[in-house]
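Structure at a glance
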Amino acid sequence: MSETTAPAAPFGRVLTAMASAFRDDGSVDLDGTQRIAAHLVEHGHDGVVVSGTTGESPTTTVAEDGDLLRAVKDAVGDRAVVVAGVGTNATAHSVELARQAEKVGADGLLLVTPYYSKPSQAGVLEHFRQVVDSTGVPVMLYDVPGRTATTIAPETYAAAAEWDSVVAIKDAVGDYARGVRIMRDTGLAIYSGDDASTLGWLAHGACGTVSVVGHACGDDTRLMVDRFFDGDRAGALAAYQRMLPAVDAIMGVANYGATTAKAALELLGVLDNRNVRGPLVPLDDDEVAALRTGLVAAGVL
């Protein structure tokens, strides 16, 4: 890959917001989580995100988040960047998570817009400021209005970009022109936060992806990104096209995210179950059969 033509990628180019494994009794399965992290690194990833949405972070405690982060750091060592999800809808809680992540040794923080509370842009910026100021760890802001009900305004990005540790955005808004303007005006790197949009984001200046489908299609995701930055647009498109059945199967159903990621990991033999915590419910047999069909069509099963 020709890094002279590729935008800077402060957290690596191919990351997945990884699932957190749970035992049958609902407790955190650190060994299973380590297997997930190792599987990702062995299949094209140079970074992972722990305790993001796909890690079911709204259901885990501060102590569990610390245990998960330590386990993943131990599993991947220096082979991958480890980013800790610290975003919640309570600023003090996010500050506590950020400080813990710094102590554990996280390489970066993923900071989502506060969800449910629907703060003003002034509230969003103040939330970000308090979390950013609480550590010296580099930060990726996460904009996913479909889950948070709030979109980060360009002016809020511009203000946050003045802080040295804010270096990137994970974008799940899906407006390419808006993203190009934000990159141009702030200098922040953008990562695709939507697997179906990743190739389009690369064409619009994104530096990489924070995936979910990477649980099953890490090698093709890496191939797509590398071929794109090598100038092989046809090769990148071919890799993208090959993944589409898996993208549809993992992301294109109502009960998606951690549920489909864990079922995919079970089908791949990485996990021996697909346990999730409420309010999520595991895929039923018909949903698993449909998922299997998509993964077979994508060539990963």
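This is a predicted model, so every value here is computed, not measured.

**So, the pairing of strand β2 (residues 47-50)**
Side chains of β2 alternate between two faces, with G47 and V49 and V48 and V50 buried alike. In the sheet, strand β1 (residues 14-17) pairs with β2 via three bridges, with the strands oriented parallel. Following the sheet pairing, L15 is matched in β2 by G47. For β2 and strand β3 (residues 81-85), the ladder comprises four bridges, and the chain directions are parallel. From the neighbouring strand, G47 faces β3, where its bridge partner is V81. In terms of handedness, the path from β2 via helix α2 (residues 62-76) over to β3 forms a crossover that is right-handed.

**Thoughts on the side chain of D143**
With respect to the helices and strands, D143 occurs in strand β5 (residues 139-143). At 3.2 Å, the side chain of D143 forms a polar contact with the side chain of Y157. The contacts of D143, once residues within four sequence positions are left out, are T113, T150, T151, I152, Y157, K170, D171, A172, V173 and R178.

**Comments concerning helix α12 (residues 285-297)**
Its 13 residues give α12 an end-to-end C-alpha distance of 18 Å, which sits within 8% of 18 Å, the value for a rise of 1.5 Å per residue. Regarding α12, the residues found buried are V288, L291, G294 and L295. Projected down its long axis, α12 carries its buried residues within an arc of 120 degrees, all on one side. Within α12, the exposed residues directed more than 90 degrees away from the buried face are D285, D286, T293 and A297.

**Observations concerning the nonpolar core**
If you look at the biggest cluster of nonpolar residues, it comprises 50 residues, and the most contacted ones within it are M18, I36, L69, V86, L109, L111 and L141. The element contributing the most residues to this core is α2, with six residues. Beyond its immediate stretch of four places on either side in the chain, L109 contacts V83, A84, V86, A98, A101, T135, V137, P138, V139 and M140. Counting 29 residues, the second-largest nonpolar core is a separate cluster that includes V213, V247, A263 and L291.

**Describing the packing of aromatic side chains**
Under the defined criterion, the tally for this structure stands at three aromatic pairs. Relative to Y191, the ring of F11 lies with its centre 6.4 Å away and its plane at 45 degrees, an arrangement referred to as tilted. Pair noted here: F11 is in the segment before β1 and Y191 is in strand β7 (residues 189-192), with a separation of 180 residues, a long-range link. For the residue pair F11 and Y191, the accessibility class agrees, reading buried in each case. Each ring, one from F228 and one from F229, has its centre 5.4 Å from the other, and the planes form 85 degrees; the classification is edge-to-face. In this pair, the class of F228 matches that of F229, namely buried. A cation over a ring is seen here: R13 above F229, with NZ or CZ 4.8 Å from the ring centre. When the ring centre of Y142 is taken as origin, the NZ or CZ atom of K170, which lies over that ring, is 4.0 Å away.

**Comments concerning the environment of S211**
Looking at the secondary structure, you find S211 in strand β8 (residues 208-211). C-alpha of S211 to C-alpha of T198: the two residues are 13 residues apart in sequence and 8.7 Å apart in space. The contacts of S211, once residues within four sequence positions are left out, are L15, T16, A17 and D195.

Cut-offs used in this document
Every chain's residues receive numbers from 1 upward, in the order its sequence appears when written. Local features in this predicted model are restricted to residues of pLDDT 70 or higher, and side-chain atom pairs are both shown and tallied only at a pLDDT of 80 or more, whereas totals for entire chains, interfaces and linings draw on every residue. Each side-chain value is derived from all of the structure's non-hydrogen atoms; neither hydrogens nor water enter the calculation. Under the scheme applied here, a residue whose accessible area is under 20% of the maximum for its type counts as buried, over 50% as exposed, and between as partly exposed, the area being computed with a 1.4 Å probe on protein chains only. Under the DSSP-based scheme used, a helix requires at least four consecutive residues in state H or I and a strand at least two consecutive residues in state E, with every element numbered from the N terminus. Here, strands pair whenever DSSP counts at least two bridges between them. Crossover handedness is defined here as right-handed if the route from the first strand over the helix to the second strand goes clockwise, with the strands pointing away from the viewer. Two N or O atoms form a polar contact when they lie within 3.5 Å of each other; inside protein one atom must be a possible hydrogen donor and the other a possible acceptor, and for residues adjacent in sequence the pair counts only when both atoms belong to side chains. For this analysis, residues touch if any pair of their heavy atoms sits within 4.5 Å. Helix span is expected to be 1.5 Å times the residue number reduced by one. By arc we mean the arc of the directions from the helix axis to the C-beta atoms, nothing more. Put simply, a nonpolar core is a bunch of buried Ala, Val, Leu, Ile, Met, Phe, Trp, Tyr and Cys residues held in one set by side-chain atoms that sit within 4.5 Å of each other. To pair, rings of Phe, Tyr and Trp, with the six-membered ring standing in for Trp, must have centres within 6.5 Å; the planes then decide the type, stacked if under 30 degrees apart, edge-to-face if over 60, and tilted in the middle. Criterion for a charge above a ring: Lys NZ or Arg CZ within 6 Å of the ring centre, and within 35 degrees of the ring normal.

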